[in-house]
Amino acid sequence: MKFDLVILNEIPTSYRQDVQDDLQRMAESGPSQGWIDRPGGVFLRRGEALTDQ
Amino acid sequence: MCQKTTSRFARIGHNHSRVIRELELTSYAEVVLAQQGADLAHRCSAIFLSRPRAFPTQRRDVLAAASRHEPRLHVGHVLAGAADWRPCRIRDRSRKSSSAAAHTSVAGGHDDVDAAVGIERRRARSDRKPRVRLAFRGVTARVSFATVVAENEDGCRALIEKYHDPQVSARAFALASTHSEIELRHLGVSRDDEARFQRLAARVIYADPRLRSADAIMRNIGTPPDLWKFGISGDIPIVLVTVGDAAEVGVAQEMVRARNTCARRE
């Protein structure tokens, strides 16, 4: 069963870069590595990048 | 070639009384061949176009074919029964009397066994229902229901034959259980986690409104192509996790594990 897991980090960049790093590290470890930005995989995005557009 | 089987084991009864108990069994299988979205959107047309057809079978299992396209898929529904005999004195006495002889099977061997299956929500039913007779105290009956799918009639009949043997279902269950145990350990997922992830998956498949943000949907003016610039196709369901606080990283982590588990399941 496939779904795209979109993780939206809404913490402003100026504050905590470490949360983004944590999320990145988490997505890239374990069985989800190799599934970053691929259909049925994990999509890590920053909230501010999305609201700009 | 496409061949699939799902089975369910049921421990259907234990006779605690001193009298003969007879249980009637009914089973329905509902097979949807259309894609989930199409089925939700146009249920009537999906049913109308499927042209289901039932075939006679020797043992009164249900065999039917349905498809909107060639090749037609063949679906079979099998009920196989096995009885456990618990050693007790009552049993020994009963076995000596002719009336109670060999009465803990699905009634009449396989002759009376039938099941009802609905192909694309058309239900095929037979007037005689399968019965399980618990002839005396201390007897438990176990039955297994198997739904089999194959691309042609012969393949389907072969699977039906195979799953008439309760041992085949038992072996399949033992193997599946071992396999899933190993897989869960590899994923670092407990049985409880798995159950939770499965509930989540069901809500994603059936577009359950409880997990959807009605407010966000109301405000939404975008279309799927708007997602493309973020590298998301919109072709498959999207599960969105928002992290507004460092403490919520755990939720995201949980969802990554859910994704990993669900991705292993067909």
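Residues numbered from 1 in each chain as written. Chains lettered and ligands numbered in written order. Predicted model: local features only at pLDDT ≥ 70, side-chain atom pairs only at ≥ 80, totals over all residues. Heavy atoms only, no water.

1. A word on the overall build of chain B
- When you go through chain B residue by residue, the secondary structure sums to nine helices and eleven strands.
- Burial analysis of chain B (266 residues in total) assigns 36% to the buried set.
- Relative to all contacts within chain B whose residues are 6 or more apart in sequence, the contacts with residues 24 or more apart total 72%.
- Just so you have it, chain B exposes about 16000 Å², and 53% of that area is on carbon and sulfur atoms. (Helix = DSSP H or I, 4+ residues; strand = E, 2+ residues; numbered from the N terminus. Buried < 20%, exposed > 50% of the residue type's maximum accessible area, 1.4 Å probe, protein only. Contact = heavy atoms within 4.5 Å. Areas by Shrake-Rupley, 256 points an atom, 1.4 Å probe, with all protein chains shown as cover.)

2. Points about the nonpolar core
- With 27 residues, the main nonpolar core has Leu5, Ile7 and Leu23 of chain A together with Val243 of chain B as its most contacted residues.
- Among the elements that line this core, the one with the most residues is helix H9 (residues 249-264) of chain B, at six residues.
- Residues contacting valine 243 of chain B, with those up to four places away along its chain left out, are Ile7, Leu8, Asn9, Glu10, Ile11, Val19 and Leu23 of chain A together with Glu248, Val249 and Ala252 of chain B. (Core = buried A, V, L, I, M, F, W, Y, C linked by side-chain atoms within 4.5 Å.)

3. A closer look at the environment of glycine 47 of chain A
Residue and element names in this part refer to chain A.
- The residue glycine 47 is located in helix H2 (residues 47-51) in this model.
- The exposure class of glycine 47 is buried, given its relative accessible area of 8%.
- When the C-alpha positions of glycine 47 and threonine 13 are compared, they lie 9.5 Å apart, and in sequence the two are 34 residues distant.
- Sequence-distant contacts of glycine 47, that is, excluding residues within four places in its chain, are made with Leu8, Asn9 and Glu10.

4. A closer look at the packing of aromatic side chains
- Tallied over the entire structure, the rule returns zero aromatic pairs over all chains.
- For arginine 38 of chain A, the ring lying beneath its charged end belongs to tryptophan 35 of chain A, and the centroid distance is 4.4 Å. (Phe/Tyr/Trp six-rings, centres within 6.5 Å; stacked < 30°, edge-to-face > 60°. Lys NZ or Arg CZ within 6 Å of the ring centre and 35° of its normal.)

5. Quick look at the pairing of strand S2 (residues 42-46) of chain A
Residue and element names in this part refer to chain A.
- In terms of residue burial, S2 counts as a mostly covered element, since five of its five residues are buried.
- Here S2 shows two buried faces, one formed by Val42, Leu44 and Arg46 and the other by Phe43 and Arg45.
- Of the pairings in the sheet, the one linking strand S1 (residues 4-9) to S2 comprises five bridges and is parallel in character. Each residue of the ladder has a partner; that of leucine 5, found in S2, is valine 42. (Pairing = 2+ DSSP bridges.)

6. Description of the interface of chain A and chain B
- Taken together, the contact between chain A and chain B spans 28 residues of the former and 32 residues of the latter.
- Taken together, the two surfaces of chain A and chain B that pack against each other cover about 2600 Å², and 71% of this comes from carbon and sulfur.
- If you sort the residues of chain A by the area they bury against chain B, Met1, Phe3 and Asp4 of chain A come out on top, with a joint share of 29%.
- The interface formed by chain A and chain B contains zero salt bridges.
- The interface formed by chain A and chain B holds ten residue pairs in polar contact (both at pLDDT 80 or more) in total.
- Mapped onto the side of chain A that touches chain B, the elements with two or more residues apiece are S1, helix H1 (17-28), S2 and H2 of chain A.
- Counting residues per element, the side of chain A that touches chain B draws most heavily on S1 of chain A, which supplies six residues. (Buried area = accessible area lost by both parts, 1.4 Å probe. Salt bridge = Lys/Arg side-chain N within 4 Å of Asp/Glu carboxyl O. Polar contact = N/O pair within 3.5 Å; in protein donor to acceptor, adjacent residues only side chain to side chain.)

7. Here's the deal with the confidence of the model for chain B
Residue and element names in this part refer to chain B.
- Looking at chain B as a whole, the pLDDT averages 68, with 58% of positions reaching at least 70.
- Within chain B, the lowest mean pLDDT, 30, falls on helix H3 (residues 89-96), and the highest, 92, falls on strand S11 (residues 238-243).
- Every residue in residues 82-128 is under pLDDT 50, and counting partners more than four places away or in other chains gives 104 contacts.
- Predicted complex, confidence summary: ipTM 0.89, pTM 0.58. (pLDDT = per-residue confidence, 0-100.)

8. Remarks on the side chain of arginine 46 of chain A
Residues and elements named next belong to chain A.
- In this fold, arginine 46 is placed in strand S2.
- Judged by relative accessible area, arginine 46 falls into the buried class, the value being 15%.
- Among the polar contacts listed, one links the side chain of arginine 46 to the backbone oxygen of isoleucine 11, at a separation of 3.0 Å.
- The residues contacting arginine 46, other than those within four sequence positions of it, are Leu8, Asn9, Ile11, Pro12, Thr13, Gln17 and Gln20.

9. Details of the side chain of asparagine 260 of chain B
- Mapped onto the secondary structure, asparagine 260 of chain B falls in helix H9.
- Looking at asparagine 260 of chain B, the relative accessible area reads 6%, which means it is buried.
- A distance of 3.2 Å separates polar atoms of two side chains, one belonging to asparagine 260 of chain B and the other to arginine 259 of chain B.
- The residues contacting asparagine 260 of chain B, other than those within four sequence positions of it, are Pro31 and Ser32 of chain A together with Leu187 of chain B.

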